Structure formats: C-alpha cells, structure tokens
Amino acid sequence: QVQLVESGGGLVQAGGSLGLSCAVSGRTFLQYAMGWFRQAPGKEREFVTVIRWDGDSTVYADSVKGRFTISRDNAKHTVYLQMNSLKPEDTAVYYCALDLGVGTSPRARDYEYWGQGTQVTVSS
C-alpha cells in the first residue's frame, strides 16, 4: 500500500507565496519521479511540474515557470512545491503523484499513485 499525503494548502493573497509538501509512505521504491498536478473547478486536471528520482531534472508548465519550484528529499520520501508570485488563476486543488518510471513525464496517465489533493486559493 502506497500513500501520498499532501499538506500546506490554504488561502493566500495574489502575489503571495505558499509551500506544499507531499510525503510518500508504505512501499518504498528506489527510483521514482514525483509530479504535481492541479485541477480548478470545471477544468481538467493539468500538469504543473515534475522532478526526476535523483532531483537532477525538472520540468515545469509554462504557466508556472519562474514562479514555482519543485524539490525533493529522498531521505524523507518527501517532495516540495514552493509557489511564489501566486495569481488567482493558480487557484485549484493540487495533487502530488508518483511515477515509477525514470523520466519526467507531464502525462497524468503515467503516474501510478496519487495523493488526495490539497486546496490552494489565491484571492485577488
């Protein structure tokens, strides 16, 4: 049983910052990519960012590039998402996901495990 638990969501004003964490527990894997996705009301889930198992490669959606930073601590089985210069359009439920592949896929279907999501609301 693998569990991904997100934390750190909340309400923030536009221009502010927020940090999310995602802890992986249960079965452990030697190599896995971790991604963040988000889903706004009435919209499809969209890719935000992904980090490779060794932390040496990251990919960002154009909409968050330069504002969001993904990182991971493999010793703690935790991935982080630092979000700066937040905009109202960043409002969504944010999900972390685990991909047992060795790449950095932006496709939701490549991820085997998902967290329950955490709400991020950015007020204007």
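These notes cover the structure that comes with them. Bear in mind that the values here come from a model prediction, so they are computed numbers and not experimental data. (Residues numbered from 1 in each chain as written. Predicted model: local features only at pLDDT ≥ 70, side-chain atom pairs only at ≥ 80, totals over all residues. Heavy atoms only, no water.)

Turning next to the overall build of the protein chain. Broken down by element type, the protein chain carries zero helices and eleven strands. Helices and strands appear in the protein chain in the N-to-C order β-β-β-β-β-β-β-β-β-β-β. Radius of gyration (C-alpha) of the protein chain: 13 Å, near the 14 Å computed for a compact globule of 124 residues. Its C-alpha atoms give the protein chain principal-axis dimensions of roughly 40 × 25 × 25 Å. In the protein chain, buried positions account for 40% of the 124 residues. (Helix = DSSP H or I, 4+ residues; strand = E, 2+ residues; numbered from the N terminus. Rg over C-alpha atoms; globule rule 2.2 N^0.38 Å. Buried < 20%, exposed > 50% of the residue type's maximum accessible area, 1.4 Å probe, protein only.)

The subject of this paragraph is the pairing of strand β1 (residues 2–7). A regular strand carries its side chains on alternate faces of the sheet. Covered by surrounding structure in β1 are V2, L4 and E6 only, the residues Q3, V5 and S7 on the alternate face being uncovered. Pairing analysis gives six bridges linking β1 to strand β3 (residues 18–26), with the strands arranged antiparallel. Counted as the bridge partner of S7 is S21 from β3. (Pairing = 2+ DSSP bridges.)

In this section: the nonpolar core. With 35 residues, the main nonpolar core has L4, M34, W36, F68, L81, M83 and Y94 as its most contacted residues. Elements with a contribution of two residues or more to this core: β1, β3, β4 (33–39), β5 (46–51), β7 (68–73), β8 (78–83), β9 (92–99) and β11 (118–123). Residue contributions to this core peak at five residues, all from β9. Excluding residues that lie within four positions of it along the chain, L81 makes contacts with L18, G19, L20, W36, T49, F68, T69, I70 and Y94. (Core = buried A, V, L, I, M, F, W, Y, C linked by side-chain atoms within 4.5 Å. Contact = heavy atoms within 4.5 Å.)

Read across the sheet, four strands follow the order β1-β3-β8-β7 without closing on themselves; strand pairing throughout is antiparallel. Since the sheet does not close on itself, it has two edges, and those belong to β1 and β7, each with one partner. This sheet shows a mean twist of 15° between the axes of neighbouring strands, independent of strand direction. Bridging between β3 and β8 involves six bridges; their strand directions are antiparallel. Its bridge partner being in β8, L18 is matched across the sheet by M83. (Axes fitted to C-alpha atoms, helices over the stretch in contact; angles between N-to-C directions.)

A separate point is the pairing of β11. On β11, burial follows the alternation: T118, V120 and V122 on one face are buried, whereas Q119, T121 and S123 on the facing-out side are not. One ladder, built from four bridges, connects strand β2 (residues 10–13) with β11; its direction is parallel. Note that in β11 the partner of L11 across the bridge is T121. Pairing between β9 and β11: three bridges, direction antiparallel. Each residue of the ladder has a partner; that of A92, found in β11, is V120.

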